[in-house]
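# Architecture at a glance
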Amino acid sequence: MNKAVPAILLALFSIGASAAEHQIKMVNSGKDGIMAFEPAFLKVAKGDTVKFIKVDASHNSASVLVPAGAATWKGKMDEEVSIPLTTEGVYVYVCDPHKTMGMAGVIQVGNAVNLDAAKQESEKLSKSFVMNKDRLAKALAQVK
């Protein structure tokens, strides 16, 4: 038997075992006001998964900006979705029906390699908000 095979399997298992699952709640009212994701900013490690949790009805999660090479996502209404994050950078996402109410958030995966693009997209997006206009700017201010 090839001794390299068990070593490879052990290495793959170790990578998978270290990945964490984080949760972001979709709420009508929370600590950041109405129509919000909690938390609005989340920093995770490359390979972690983020699960969007339905707390209140009529929400979804959809990416509006992802790093180059990363997969986009668009959850269905009232659907809890798990997003594996395997590409470093800044991800900006919204709740489609409540986007104009500023229901948006930011996830940082590892290094913020696309921070300038995220800031530009967030500025454009925030102009369409009728309330919570500073929500994305506050979330992006936490990117380090």
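Residues numbered from 1 in each chain as written. Predicted model: local features only at pLDDT ≥ 70, side-chain atom pairs only at ≥ 80, totals over all residues. Heavy atoms only, no water.

Quick look at the overall build of the chain now. Looking only at helices and strands, the chain has 3 helices and 8 strands in total. Tracing the chain from N to C terminus, the helices and strands come up as α-β-β-β-β-β-β-β-β-α-α. Evaluated residue by residue, the chain yields a buried proportion of 41% over its 144 residues. Put simply, of all contacts in the chain between residues at least 6 apart along the chain, 65% involve residues at least 24 apart. When the accessible area of the chain is evaluated, it comes to approximately 7,700 Å², of which 57% is carbon and sulfur surface. (Helix = DSSP H or I, 4+ residues; strand = E, 2+ residues; numbered from the N terminus. Buried < 20%, exposed > 50% of the residue type's maximum accessible area, 1.4 Å probe, protein only. Contact = heavy atoms within 4.5 Å. Areas by Shrake-Rupley, 256 points an atom, 1.4 Å probe, with all protein chains shown as cover.)

This part is about the environment of W73. When you line up the elements, W73 lands in the loop between strand 5 (62–65) and strand 6 (81–84). For W73, a relative accessible area of 9% translates into the label buried. Considering only alpha carbons, one finds W73 and S61, 12 residues apart in sequence, at a separation of 7.7 Å. Of the polar contacts made by the side chain of W73, one reaches the side chain of S61; its length is 2.9 Å. (Polar contact = N/O pair within 3.5 Å; in protein donor to acceptor, adjacent residues only side chain to side chain.)

Quick look at the sheet that holds strand 6 now. Read from one edge of the open sheet, 4 strands run 2-1-4-6, paired in mixed fashion. This sheet does not close on itself; its edge strands, each paired only once, are strand 2 (33–38) and strand 6. Between one strand and the next, the sheet's axes are offset by a mean angle of 15 degrees, whatever the strand orientation. Where strand 4 (residues 49–54) and strand 6 come together, 4 bridges link them in antiparallel fashion. When the bridges of strand 6 are listed, F52 appears paired with V81. (Pairing = 2+ DSSP bridges. Axes fitted to C-alpha atoms, helices over the stretch in contact; angles between N-to-C directions.)

Trans is the prevailing form of peptide bonds, just as negative phi is the prevailing case for residues other than glycine. The linkage connecting E38 with the following residue, P39, adopts the cis geometry, with an omega of 0 degrees. For P39, the location among the structural elements is in the loop between strand 2 and strand 3 (41–44). Phi is positive for M35, which is not a glycine, with a value near 50 degrees. Since its relative accessible area comes to 14%, M35 is described here as buried. You will see that N132, though not glycine, has its phi angle at about 55 degrees, which is positive. Residue position: N132 is located in the loop between helix 2 (115–126) and helix 3 (135–140).

Strand order in this open sheet of 4 strands is 3-8-7-5, and the pairing throughout is mixed. Of all strands in the sheet, those with a lone pairing partner are strand 3 and strand 5, marking the two edges. Across the sheet, the mean angle separating the axes of adjacent strands is 30 degrees when strand polarity is ignored. Direction of pairing for strand 5 relative to strand 7 (residues 89–94): antiparallel, over a ladder of 3 bridges. Within strand 7, the position partnered with A62 by the bridge is V94. Lying over the sheet, helix 2 contacts strand 5 and strand 7, oriented at roughly 20 degrees with respect to strand 7.

Here S122 lies in helix 2. Not counting residues up to four positions away in its chain, the partners in contact with S122 are V92, L136 and L140.

Caution applies to low-pLDDT regions: their predicted coordinates should not be interpreted in detail. Summing up the model confidence of the chain, the mean pLDDT is 91 and the portion of residues at 70 or higher is 88%. Predicted confidence is poor over residues 7–16, with pLDDT under 50, and the contacts of this stretch with residues over four places away or in other chains come to 0 contacts. (pLDDT = per-residue confidence, 0-100.)

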